[in-house]
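An overview of the molecular structure
Letter by letter, the chains look like this.
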Amino acid sequence: IITKRRHISPSTISKYLNVLKLKKKEEEYFELLFRFNTEDDMATKAKHLKELTRYWSQSKKEFTQDQYECLTQWYYFAIRELVDLKDFSEDGKWISKKLKNRVEPGQAESALQTLLQLNLLTRDENGRLKQTDKVLNAKDEMHSVLLFLHHHQFIRLSAEALNDPASQRYFNTISFTIRKDDYQHLVDEVRDFKERMVNYLQSREVQGEDEDLFHINVNLFPLTSIE
């Protein structure tokens, strides 16, 4: 196992626990790590990760439950962006209404406090909330799970947006055939487009005058099986 020539299996894990002579709580943590690392279903893997953060919070490790909630609940970073609106109000009811009542006022107020605690928001000299430059980084083994949860939520929100008036949203799709060698080129094109969007938004001369919050999803995925 240490040299990675064999792996612990569900049928042998109890034997290793006996040899290691762990305490009950340590055994639970060991088994949870095992399930997290061997699970293939991303939804189940995400549940295991959430349980793991409870242990990390108790032991004061770097990745806490607050950080997990912030990275896996779409409205945390939506609220973080909302503070840049010119008419932003630090009020749970206002935030809830602005986000089409998808978030309860209490959730919004709790999210603000968490964003302040994680130093993702701060206050200026007038006491007004503003963004900081800090970002949250997840460890490598969590990265795919957090991305799964992030994209899953925003794809769901995109589907809900189909009910919005056509004048308030833009949807477009295209299906096409490619060679395997074309895939990376398409990915690079999408990445360049995203960078141009970010550069445009950051270089405008109307900072502080924004009125609404938008989100862009760009999804490139196969409709046929990949061999």
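Here the structure is a predicted model, which is why all the values come from computation and not from measurement. Per chain, residues are indexed from 1 in the order of the written sequence. With pLDDT at 70 or above as the cut-off, local features in this predicted model cover only qualifying residues; side-chain atom pairs require 80 or more to be listed or tallied, and sums for whole chains, interfaces and linings still use all residues. Each side-chain value is derived from all of the structure's non-hydrogen atoms; neither hydrogens nor water enter the calculation.

In this description a helix means any DSSP run of H or I spanning at least four residues, a strand means any run of E spanning at least two, and both kinds are numbered starting from the N terminus. As for its position among the elements, Thr 132 is in the loop between strand E2 (129-131) and helix H8 (140-161). Accessibility expressed as a relative area gives 16% for Thr 132, which makes it buried. Under this definition, polar contacts are N or O atom pairs within 3.5 Å; protein pairs additionally need one hydrogen-donor-capable and one acceptor-capable atom, and for neighbouring residues in sequence, both atoms have to be side-chain atoms. Among the polar contacts listed, one links the side chain of Thr 132 to the backbone oxygen of Asn 119, at a separation of 2.5 Å. Whether two residues are in contact is decided by their heavy atoms: any pair within 4.5 Å suffices. For Thr 132, the contacting residues outside a window of four places in its chain are Arg 80, Asn 119, Leu 120, Leu 121 and Thr 122. Residue burial is assigned from relative accessible area. The probe radius is 1.4 Å, only protein chains are included, and a residue is buried under 20% of its type maximum, exposed over 50%, and partly exposed in between.

Turning to a nonpolar patch on the surface, a few remarks are in order. Among the surface-exposed residues, Ile 174, Phe 176, Ile 178, Tyr 183 and Leu 220 lie close enough to one another that they form a single nonpolar patch of about 500 Å² accessible area. In this fold, Leu 220 is placed in the segment after helix H9 (182-203). Distance thresholds for patches are 9 Å for like charges and 5 Å for nonpolar side chains (Val, Leu, Ile, Met, Phe, Trp, Tyr), applied to residues having over 30% relative accessible area and no salt bridge. Only the protein chains shown count as cover for residues, and all accessible areas are computed by the Shrake-Rupley method using a 1.4 Å probe. Salt bridge criterion: a side-chain nitrogen from Lys or Arg within 4 Å of a carboxyl oxygen from Asp or Glu.

Let us now look at the nonpolar core. Buried residues of nine kinds, namely Ala, Val, Leu, Ile, Met, Phe, Trp, Tyr and Cys, make up a nonpolar core once their side-chain atoms join them within 4.5 Å. Ranked by size, the top nonpolar core spans 23 residues in total, and within it Trp 74, Ile 79, Phe 88, Ile 95 and Leu 99 carry the most contacts. The set of elements that each furnish at least two residues to this core consists of helix H5 (74-82), helix H7 (105-117) and H8. When residues in this core are grouped by element, the largest group, 6 residues, is from H5. Discounting residues that sit within four places of it in the chain, Ile 79 has contacts with Ile 95, Leu 99, Ala 108, Ala 111, Leu 112 and Leu 115. Within the second largest apolar cluster, 12 residues are counted, among which are Phe 36, Leu 49, Trp 56 and Leu 146.

In this section: unusual backbone geometry. Positive phi values are uncommon outside glycine, yet Lys 21 reaches one of about 50°. Looking at where Lys 21 falls in the secondary structure, it is placed in the loop between helix H1 (13-20) and helix H2 (24-38). You will see that Asn 101, though not glycine, has its phi angle at about 60°, which is positive. Among the structural elements, Asn 101 can be located in the loop between helix H6 (92-98) and H7.

Bringing the packing of helix H4 (residues 65-72) against H5 into the picture now. Axis geometry follows a simple rule: fit a line to the C-alpha atoms, using only the stretch in contact for helices, then measure angles between N-to-C directions, giving values from 0 to 180 degrees. Between H4 and H5, whose axes approach to 4 Å, the crossing angle comes to 80°. In terms of axis orientation, H4 runs roughly perpendicular to H5. Residues Glu 69, Cys 70, Leu 71 and Thr 72 of H4 pack against Trp 74, Tyr 76 and Phe 77 of H5. Each residue is assigned to one class: nonpolar for Ala, Val, Leu, Ile, Met, Phe, Trp, Tyr, Cys and Pro, charged for Asp, Glu, Lys and Arg, and polar for all the others, Gly among them. Residue composition of the contact of H4 with H5, grouped by class: 5 nonpolar, 1 polar and 1 charged. Note on terminology: angles under 35 degrees are roughly parallel, angles over 145 are roughly antiparallel, angles of 65 to 115 are roughly perpendicular, and the others are oblique.

This brings us to the side chain of Gln 153. Residue position: Gln 153 is located in helix H8. When its relative accessible area of 11% is taken as the criterion, Gln 153 is described as buried. Setting aside chain neighbours within four positions, we find Gln 153 in contact with Thr 72, Gln 73 and Trp 74.

Moving on: the packing of aromatic side chains. The rule is short: rings of Phe, Tyr and Trp, with Trp giving its six-membered ring, pair when the centres are within 6.5 Å, and they are stacked under 30 degrees, edge-to-face over 60, tilted in between. The final tally for this structure, using the stated rule, is 3 aromatic pairs. The interplanar angle of 90° and the centroid separation of 6.1 Å between the aromatic rings of Trp 74 and Tyr 75 together place this pair among those described as edge-to-face. The pair formed by Trp 74 and Tyr 75 is uniform in burial state, with each residue classed as buried. With a centroid separation of 5.0 Å and 25° between ring planes, the pair formed by Tyr 75 and Tyr 76 is classed as stacked. Taking relative accessible area as the criterion, Tyr 75 reaches 9% and is therefore assigned buried. Owing to a relative accessible area of 6%, Tyr 76 belongs among the buried residues under this scheme. Here the aromatic residues Trp 74, Tyr 75 and Tyr 76 are joined through ring pairs into a cluster of three or more. We call a charge positioned over a ring when the NZ of a Lys or the CZ of an Arg lies within 6 Å of the ring centre and within 35 degrees of the ring normal. The ring of Phe 36 is capped by Lys 45, whose NZ or CZ atom sits 4.5 Å from the centre of that ring.

Bringing the confidence of the model for the protein into the picture now. One rule of thumb: low pLDDT means the predicted coordinates there are not for detailed reading. What pLDDT conveys is the predictor's confidence in a given residue, as a value from 0 to 100. Residues with a pLDDT of 70 or more make up 93% of the protein, whose mean pLDDT is 86. Looking over the protein, one finds the lowest element-wise mean pLDDT in helix H3 (residues 42-58), namely 77, and the highest in H6, namely 96.

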